Amino acid sequence: MSDLAWYACYLTTGKHLSFYASFGTVLLLLAITAPVALGFGFAGAMAARSHVFPLNWIGKAYIAIVRGVPDIAFFLFFVIALDQGFEWLRHQVKCPDWDQPIRQGSDFVVCDAAKLPLNASAQWIHETYGFLLAVLTFAIVFGAFAANVLYGAMRAVPRAQIETAEAYGMTHRQSFWRILVPQMWVYALPGLSNLWMVLIKATPLLFLLGVEDIVYWARELGGTKNPRFTDYPHGDWRMWYFLVLLVFYLVFTKVSEVVLDRVMARLTHGQATSGGEMQRKAA
Amino acid sequence: MKTILLGTAALALSASFAFAASHAMTVRLGTEGAYPPFNFLNDAGEVAGFEREVGDELCKRAELTCEWVTNEWDSIIPNLVSGNYDAIIAGMSITDEREEVIDFTQNYTQPDPSSFLGRAGMDLDPANAVIAAQTGTIQAAHVAEMGATLLEFSNPEETIGAVRAGEADAVLADKSFLTSYAQEDPELDFVAEDILLGGGIGMGFRESDGELREKFDAAIQSMKDDGSLNALIEKWEVGATF
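Once that is clear, we can look at the overall build of chain B. Of the regular secondary structure elements, chain B holds nine helices and 14 strands. For chain B, the C-alpha radius of gyration of 20 Å lies close to 18 Å, the compact-globule estimate for 242 residues. Once the C-alpha set of chain B is aligned to its principal axes, its extents read approximately 60 × 55 × 35 Å.

Let us look at the sheet that holds strand S14 (residues 204-205) of chain B. Residue and element names in this part refer to chain B. Read across the open sheet, the five strands follow the order S5-S1-S6-S14-S7; overall the sheet is mixed. Bordering the open sheet on either side are strand S5 (65-70) and strand S7 (103-104), each of which pairs with just one other strand. Bridging between strand S1 (residues 26-31) and S5 involves six bridges; their strand directions are parallel. Residue pairing for S5: glycine 30 is matched across the bridge by valine 69.

Contacts between the two partners involve 41 residues from chain A and, on the opposite side, 39 residues from chain B. When residues of the side of chain A that touches chain B are traced back to their parent elements, those giving at least two are helix H2 (14-49), helix H4 (71-94), strand S2 (107-108) and helix H5 (123-156) of chain A. Ranked by residue count, the leading element in the side of chain A that touches chain B is H2(A), at seven residues. Residue composition of the side of chain A that touches chain B, by class: 17 nonpolar, 17 polar and seven charged.

Here we take up the nonpolar core. Counting 62 residues, the largest nonpolar core has Leu117(B), Ile131(B), Ala133(B), Val163(B), Ala170(B) and Val171(B) as its most contacted members. Per-element tally for this core: the top contributor is helix H8 (residues 210-225) of chain B, with five residues. Split by domain, the residues of this core number at least three in each of domain 1 (2-109 + 199-236) and domain 2 (113-196) of chain B. With sequence-adjacent residues up to four places away left out, Ala133(B) is seen in contact with Gln139(B), Ala140(B), Val143(B), Leu150(B), Glu152(B), Thr159(B), Val171(B), Leu172(B) and Ala173(B). Counting 53 residues, the second-largest nonpolar core is a separate cluster that includes Val66(A), Ala134(A), Ala146(A) and Leu150(A).

Residue and element names in this part refer to chain B. Following proline 36, the chain continues to proline 37 via a peptide bond in cis, the omega torsion being 0°. Tracing the sequence through the fold places proline 37 in the loop between strand S2 (34-35) and strand S3 (39-41). Positive phi values are uncommon outside glycine, yet glutamate 63 reaches one of about 55°. Within the chain, glutamate 237 stands out as a residue other than glycine whose phi angle is a positive 55°. Structurally, glutamate 237 can be placed in the segment after helix H9 (228-236).

Right, let's get into the pairing of S1(B). Residues and elements named next belong to chain B. Burial analysis of S1 places five of its six residues in the buried class, which makes it a mostly covered element. The pairing of S1 with strand S6 (residues 87-88) spans two bridges and is classified as parallel. When the bridges of S6 are listed, leucine 29 appears paired with alanine 87.

Another aspect to go through is the domain arrangement of chain B. Interfaces are frequently sized by the accessible area removed from exposure as the parts join. Residue and element names in this part refer to chain B. Under the domain assignment used here, chain B contains domain 1 (2-109 + 199-236) and domain 2 (113-196). Of note, the centres of domain 1 and domain 2, computed from C-alpha atoms alone, are 27 Å apart. Contacts between domain 1 and domain 2 engage nine residues on the former and 12 residues on the latter.

What counts and how
- Residues numbered from 1 in each chain as written.
- Chains lettered and ligands numbered in written order.
- Predicted model: local features only at pLDDT ≥ 70, side-chain atom pairs only at ≥ 80, totals over all residues.
- Helix = DSSP H or I, 4+ residues; strand = E, 2+ residues; numbered from the N terminus.
- Rg over C-alpha atoms; globule rule 2.2 N^0.38 Å.
- Pairing = 2+ DSSP bridges.
- Contact = placed C-beta atoms within 7 Å.
- Nonpolar A, V, L, I, M, F, W, Y, C, P; charged D, E, K, R; others polar.
- Core = buried A, V, L, I, M, F, W, Y, C linked by C-beta atoms within 7 Å.
- Buried ≥ 20, exposed ≤ 12 C-beta atoms within 10 Å, placed from the backbone.
- Domains from an automatic or database assignment.

Here it is, written out as structure tokens:
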């Protein structure tokens, strides 16, 4: 019984509550990042397909460059650069009469009013800002992959469908939105569902951005705890904490698979694909 | 969804303006939070330890509002120079190499001996062994210099794990950090003679931030003068007193 009481207290320490909350952080990140990344991907694919000269180059360059740069390099350097870029812009607007250089050796110095967030802001604002930077970075990285998937899917829609649309007198824009886009999802979904699975497991990269995610807390909580520094000393329990993460990720990917299968079944309905053909015969 | 994102960003921005008026000068202190007894997270998830108490006292004496931030050791200097916090107070020894990038205050601990922790009763020849150390520490640099095989890990706990798993023969780290492990775990003990590295621990600042550094330097001096620093050093057992 005293064991039970010990665990009841141990599992409800402030640290553990932060651990439980970090599951929410990860889910929130996924819930925001996935649609934003899809938006980036859609815009990228549309730009790459465009017949307007600089636009198609921008789309193709975005896809090629971001896909080519290793994630970890992107997360370490791009985010610091992005943050400094924002601060530089604010600095130009807010402190026009600043006379010192912004780069002093290795230091990046902007005026106090240009800091983002401000130094005096509460810690949660710093954390929210870090979280939003993380969302933006994830969206840019995964958006490039999504753009490539969607670009391929748009080309996979049978040419005859577009020709028919043109024969009915639809404009370029109409045939794109009414014929091409509704039909391409069935070709895009397998690639997008792969991306989703990779995104789920990429969240530990969050800690590089100072956002404390589930892997950070599992490592921190599981590490050896000495009686000098805690009321709940224990040995190296990292294995048990990581086991919890394993179960979480497995359950989460399983649920994703079930949902994605249903979406796939819906999208396949009435399509000129082998899946659509099978559905037609079964009915 | 994009509007939600923009909405939250706008909210965060306007909130940060509102806060600017109410505080005069806030200093953000960056630490690792994984290196007891210097700094660690207590059961409530807050930064605690020797440096927490020293830092809070220094801020009081310098009349500054301080905010504690944790950051991975690997990127603790890059995040300081790019302005994500204003000072490093993370058990960082003063070395010439680091002096090139950041500026230190005077030391607030004596140079702490570094020790080799390995399996109890083993006979260690440090020059021909596999030694674990944390990346970017003076101990890692020392192991590489003396010709032993260096195994680097990104956080302190993992260096101990490597010794337990038999991956490394011993770990080289600050004695104050290793002592609690040597006392608690009967399988682990100090296995070779201690060595003296570094010039004691100091707070790190951006090179362009001389004024702030001087404030903290003066506060450290006043804590040394009235003996309150020595009392904390004894309380947390982080080496010799001044």
